[in-house]
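# A structural walkthrough
For reference, the chains in residue letters:
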Amino acid sequence: MTLNSIDWPAYIKVMEQLLNVPLDEARRKELEVQLARMETLAEPLMDFPLPQRQEVAGVYKL
């Protein structure tokens, strides 16, 4: 687990309750595998340095 890694089993359990979507143990395990894979794939993108003046996202005002 990396320093910023998410506790996927705990996350899945909380989301299961919040979304009221019960999962069996096999689906929980497969979901954990898939989330861990996505986390690994996203690491290079998250590590990419943005210039200080680069806006991360647009600002919308009413």
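First things first, this report covers the structure right here in the doc.

## Considering helix α1 (residues 8–19)
Helix length check: α1, at twelve residues, gives a terminal C-alpha distance of 16 Å against a target of 16 Å (1.5 Å per residue), a fit within 8%. Trp8, Ile12 and Glu16 are the residues of α1 that are buried. Looking straight down α1, one finds its buried side chains confined to an arc of 80°; they lie on one side. When the buried face of α1 is taken as reference, the exposed residues oriented beyond 90 degrees from it are Lys13, Gln17 and Leu18.

## Things to note about helix α2 (residues 25–47)
Across its 23 residues, α2 extends 33 Å between first and last C-alpha, which sits within 8% of the 33 Å expected from 1.5 Å per residue. Taken as a whole, α2 carries its principal kink of about 35° at Leu41; the proline Pro44 stands between one and four residues after it.

## Some thoughts on the environment of Glu39
Tracing the backbone shows Glu39 in helix α2. Taking the C-alpha atoms as reference points, Glu39 and Ser5, 34 residues apart in sequence, are found 8.0 Å from one another. Here Trp8 takes part through its side chain, which lies 3.0 Å from a polar atom of the side chain of Glu39.

## Thoughts on the side chain of Glu16
You can see Glu16 is positioned in helix α1. Classification of Glu16 as buried rests on a relative accessible area of 14%. Separated by 2.8 Å, the side chain of Glu16 and the backbone nitrogen of Leu23 make a polar contact. Residues contacting Glu16, with those up to four places away along its chain left out, are Val21, Pro22, Leu23 and Arg28.

## Brief notes about a nonpolar patch on the surface
A cluster of nonpolar side chains, namely Val14, Leu18, Leu19 and Val21, defines an oily patch on the protein surface of about 380 Å² accessible area. Considering the arrangement of structural elements, one finds Leu18 in helix α1. For Leu18, a relative accessible area of 63% puts it in the exposed group.

Basis of the calculations
- Every chain begins its residue count from 1, and numbering advances along the sequence as written.
- Only residues with pLDDT of at least 70 are given local features in this predicted model, and only at 80 or more are side-chain atom pairs given and counted; all residues enter the totals for whole chains, interfaces and linings.
- Side-chain calculation: all heavy atoms of the structure are included, whereas hydrogens and water are not.
- Secondary structure elements follow DSSP: runs of H or I of four or more residues count as helices, runs of E of two or more count as strands, with numbering from the N terminus.
- The span one expects for a helix is its residue count, reduced by one, times 1.5 Å.
- Only protein chains enter the calculation, and the probe is 1.4 Å; a residue is then buried if its accessible area is under 20% of its type maximum, exposed if over 50%, and partly exposed in between.
- In this context, the arc is that of the directions from the helix axis out to the C-beta atoms.
- The angle between axes fitted to the seven residues ending at a residue and the seven residues starting there is what we call the bend at that residue.
- Pairs of N or O atoms within 3.5 Å make up the polar contacts considered here, provided that, within protein, one atom can donate a hydrogen while the other can accept it, and that residues adjacent in sequence are counted only when both atoms are side-chain atoms.
- Working rule for contacts: check all heavy atoms of both residues, and any pair within 4.5 Å makes them a contact.
- A patch consists of residues exposed above 30% relative accessible area that lack any salt bridge, with like charges linked at up to 9 Å and nonpolar side chains (Val, Leu, Ile, Met, Phe, Trp, Tyr) linked at up to 5 Å.
- Using a 1.4 Å probe, accessible areas were evaluated by the Shrake-Rupley method; residue-level cover was limited to the displayed protein chains.
- Salt bridges are defined as contacts in which a side-chain nitrogen from Lys or Arg sits within 4 Å of a carboxyl oxygen from Asp or Glu.

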